[in-house]
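Fold and geometry: a report
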Amino acid sequence: MADLFDFAKESPPRGEGKNKSKRHEARPLSETAPSPEITTLEEAAKRVAWLRSEIERHNHLYYVEARPEITDREYDLLVQELAELESRFPELRVPESPTQRVGERPTGAFQQVVHEVPMLSISNAYSQGELREFDARIKKLLGTNEDIEYVVELKIDGVAVTLMYENGTLAYAATRGDGVRGEIVTANVLTVRDVPHHLDQKGVNLPRRLEVRGEVYMEKADFERVNAEIIASGGEGFANPRNLTAGTLKLLDPSIAARRPLRMFHYAVGVCDGPLPSTHAEVLRWLSSLGFHVNPHWTLCRSIEDVIEKTVEWESKRDSLPYGTDGLVVKVNRRDWWERLGTTAKSPRYMIAYKFSAEQAVTRLIDIQCQVGRTGAVTPVAILEPVFLAGSTISRATLHNADEIARLDVRIGDQVVIEKAGDIIPKVVRVLTSLRTGKERRFEFPTTCPECGAPLVRSQYEVAIRCVNASCPGQLRERILHYASRDAMDIEGLGEVLVNQLVEKKLVADLADLYHLTVEQLSGLERMGKKSASNVVREIEESKGRPLHNFVYALGIRYVGAATAKLLCQRFPDLQAMERASKEELASIEGIGDVVAESIYQFFRSERNLALLEKLEQAGVRPQNTLWRTGQEVQQGEGPFVGKTFVLTGALSSMTRDEARRQIELRGGKVTESVSSKTSFVVVGAEPGSKLEKARKLGIPIVGEQEFLRMLEQSKP
Ligand code: IVH
């Protein structure tokens, strides 16, 4: 948990660029006018690069790790700001920008499938006003003043899954993935009790291929029980039912999934070989008749005002449901209008998700404690009288930093309003000053580190207050946890309980010491049998060969997140080259600003860091740069494919898709996911998806596998 509260970790400091939003802090809704101070292209480029890497990181947290750190609203604000900057500065637009894509790539552990009908996301509305704007847009696009009929459904807080039936039998089930490509998780989905294995054909003319989509979820009570069992058997619990659902769908052993009672509501059709009813309401009834489990709370509304009434009704009723819902989905009822309204790159224009307001609770703040992060930043955390909020009991909430405590004027003993939207870390939003008794105490920010007692330092450039003692055990613990985390060296089993003991018992004094741990040393520790000890030692050993960008990120250089680490590895062949780089050279990399460049430069000027790198190398850590050649060539704009954008669809027999991408990038070309008028070629393999259709419509040159191989041959790098 400690890591979750280390807020100052990666966001660039004040002063670098303008209008930086803090990662864990929702901005007030009135602040939606984005980046007003940015006037020059240079400022915009920096901000755009930062926004893209933040959005990518949050995509990864959301889609791959299933542990989002920010609310949907905060995420939307980041994307909105990026979209706004891209429209003000068109030269910064690129096809692979997150504004042009839906989500994050799949994890790689499962076989993948290209969704023939992409699984888009839905744009959000947060107020009645935004719902009316949506209605006005629809009317304008359709050229009508008549009331529009909408179907209103609950937005189930689960994980989207698509089911493909062939001749009435489930052929496969897949996750949404990045919306274009998902992962096949059939074995686990077969354990979900609402998923028909065969369709009921009584009196129905079944389409030969029928794809039905919906949300897999877990009921709240089941979540509490299963989670308690997981924790009791020594596992790490999940923050909420959605994360547990996502984790269960990605289990490699379906017999474990079978013991976790997942459920599914069905709400949409993807591929369908036969005719479909003409309204969405009828589609829902038809799905029910085929044996699918449609959530019973959907209603047909005659106008947007009826829809708004429903939002008011559900705001208060939603807590009484046995499963989580985070809003309502409002869908135009007439399906012929769906075609007329169409979709944007990310979401259909004929539906919108109305998000319920963040759930709040009132409780007493008992204490404020300070935690040290891996960079030494000291973060104050509110210790609360436990209170149940949005599916879990809350006893801690973030206060971010000393400035935030001053801004809230929060005192020990205060009654405070806490908020938790989605499943992010709860935060204190307001103090109920009228309830003060006079006994509340102001909090004095410590002057020494709560872990090691060294004096704390506040620099003039940032809000964070830091412990600058390089041997602080608190920082070491966080550094190791970061080094072992998934995007870094991905060392499974090196969790909080173990790392605490390693640091306390002085078994490690730096990262390199991890590589000298033995099974004997570990098996003596709490919660460590011989088997888990040898698993951890094996995992540590395996981490020696992780890619260089993981290693660079793992080192915990300030402001160097996973995205910046990749940029460095695209530009420099190895660590030595990074070390030799001047500040100017570092800052000349698109996406790296002066402050970040300075931080990287200084990292390699520290004797202590150089000694650590040396020690890691001697321990056998040999990261390989898997990004260099491709990155460098693209960046320098060389090669016969420069300026050409490729889209790949279907399976190639002579190479994997990654290899095809690499070959294109080696020649200076770009590969994007979706076909647009800017696409130069669509490369088509076996069983192509809807991209082929789209390419035909737009008249984009279509290249078969043989022709593609010829192009590669004739343009060798
Ligand atoms: S319709 C274009 N209906 O919400 C996507 N989605 O935030 C069509 N969701 O990805 C989906 N309940 O996973 C639809 N009644 C409902 C839903 C629903 C939950 C999820 C779905 C979607 C996400 C978008």
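Here's what I pulled together on the structure shown here. Here the structure is a predicted model, which is why all the values come from computation and not from measurement. (Residues numbered from 1 in each chain as written. Predicted model: local features only at pLDDT ≥ 70, side-chain atom pairs only at ≥ 80, totals over all residues. Heavy atoms only, no water.)

**Thoughts on the overall build of the protein chain**
Along its length, the protein chain carries 25 helices and 22 strands. Here the protein chain, with 717 residues, has 53% of them falling under the buried criterion. Taking the contacts inside the protein chain whose residues are at least 6 apart along the sequence as the reference set, 70% of them involve residues at least 24 apart. (Helix = DSSP H or I, 4+ residues; strand = E, 2+ residues; numbered from the N terminus. Buried < 20%, exposed > 50% of the residue type's maximum accessible area, 1.4 Å probe, protein only. Contact = heavy atoms within 4.5 Å.)

**Considerations on the packing of aromatic side chains**
Under the defined criterion, the tally for this structure stands at 13 aromatic pairs. For the pair phenylalanine 265 and tyrosine 323, a centre-to-centre distance of 5.1 Å together with 65° between the ring planes defines the contact as edge-to-face. Taken together, the positions of phenylalanine 265 in strand E8 (residues 263–272) and tyrosine 323 in the loop between helix H9 (304–317) and strand E10 (325–332) put the pair 58 residues apart, joining distant regions of the chain. With a relative accessible area of 4%, phenylalanine 265 lands in the buried category. With centroids separated by 5.3 Å and ring planes inclined at 35°, the aromatic side chains of phenylalanine 646 and phenylalanine 681 adopt a geometry described as tilted. One end of the pair, phenylalanine 646, is in strand E19 (residues 645–649); the other, phenylalanine 681, is in strand E21 (residues 681–684), and 35 residues separate them in sequence. (Phe/Tyr/Trp six-rings, centres within 6.5 Å; stacked < 30°, edge-to-face > 60°.)

**Focus on the site of the ligand**
In the neighbourhood of the ligand, 14 residues make up the surrounding shell, with Glu153, Ile156, Glu215, Tyr267 and Lys331 lying closest. Leucine 154 has a polar backbone atom sitting 3.1 Å from a nitrogen atom of the ligand. The separation between a nitrogen atom of the ligand and a polar main-chain atom of isoleucine 156 is 3.0 Å. When the free accessible area of the ligand is taken as 520 Å², the share hidden by the protein chains comes to 86%. (Near = heavy atom within 4 Å. Polar contact = N/O pair within 3.5 Å; in protein donor to acceptor, adjacent residues only side chain to side chain. Areas by Shrake-Rupley, 256 points an atom, 1.4 Å probe, with all protein chains shown as cover.)

**What about the pairing of strand E15 (residues 415–420)?**
Put simply, side chains in a regular strand alternate between the two faces of the sheet. For E15, a buried count of five out of six residues is recorded, marking the element as mostly surrounded by other parts of the structure. Alignment of strand E12 (residues 359–372) against E15, held across six bridges, turns out to be antiparallel. Within E15, the residue paired with alanine 361 across the bridge is isoleucine 418. Inspection of the sheet shows E15 paired to strand E16 (residues 427–431) by four bridges, in the antiparallel sense. Among the inter-strand pairings, glutamate 419 is bridged to a residue of E16, identified as lysine 427. (Pairing = 2+ DSSP bridges.)

**Topic: the environment of glycine 179**
Topologically, glycine 179 is positioned in the loop between strand E5 (169–175) and strand E6 (181–183). Residues glycine 179 and glutamate 673 lie 494 residues apart in sequence; the distance between their C-alpha atoms is 10.0 Å. The contacts of glycine 179, once residues within four sequence positions are left out, are His115, Pro118 and Met119.

**Considering the pattern of salt bridges**
Applying the stated criterion to the full structure yields 41 salt bridges. With a closest N to O distance of 2.7 Å, aspartate 336 and arginine 334 form a salt bridge. For aspartate 336, a relative accessible area of 40% corresponds to the partly exposed category. A salt bridge links aspartate 403 to arginine 458, with the shortest nitrogen-to-oxygen separation between them at 3.0 Å. Of this pair, aspartate 403 sits in helix H11 (residues 402–408) while arginine 458 sits in strand E17 (residues 456–458), and the two are 55 residues apart along the sequence. Judged by its relative accessible area of 42%, arginine 458 is partly exposed. (Salt bridge = Lys/Arg side-chain N within 4 Å of Asp/Glu carboxyl O.)

**A closer look at helix H23 (residues 657–666)**
Burial of H23 is extensive: seven of the ten residues sit out of reach of the surface. Taken together, the buried positions of H23 are occupied by Arg657, Ala660, Arg661, Gln663, Ile664, Glu665 and Leu666.

**Focus on the packing of helix H3 (residues 128–142) against H9**
Two quantities define a packed helix pair, namely the angle between the helix axes and the distance between the axes. One way to put it is that H3 packs onto H9 with a least axis distance of 10 Å and a crossing angle of 155°. Judged on the interaxial angle alone, H9 and H3 are roughly antiparallel. In this structure, the crossing between H3 and H9 has a hand that is right-handed. Residues Gln128, Leu131, Arg132 and Asp135 of H3 lie in contact with H9, whose contacting residues are Ile304, Glu305, Val307, Ile308, Thr311 and Val312. (Axes fitted to C-alpha atoms, helices over the stretch in contact; angles between N-to-C directions. Parallel < 35°, antiparallel > 145°, perpendicular 65-115°, else oblique. Left-handed = near helix turned anticlockwise from the far one by under 90°.)

**Overview of unusual backbone geometry**
With a phi angle near 55°, lysine 506 is a residue other than glycine that sits in the positive phi range. Positionally, lysine 506 belongs in the loop between helix H13 (496–504) and helix H14 (519–523). Here tyrosine 559, not a glycine, exhibits a phi torsion of approximately 70°, which is positive. Its location among the elements puts tyrosine 559 in the loop between helix H16 (548–554) and helix H17 (562–571). You can call tyrosine 559 buried: its relative accessible area is 9%.

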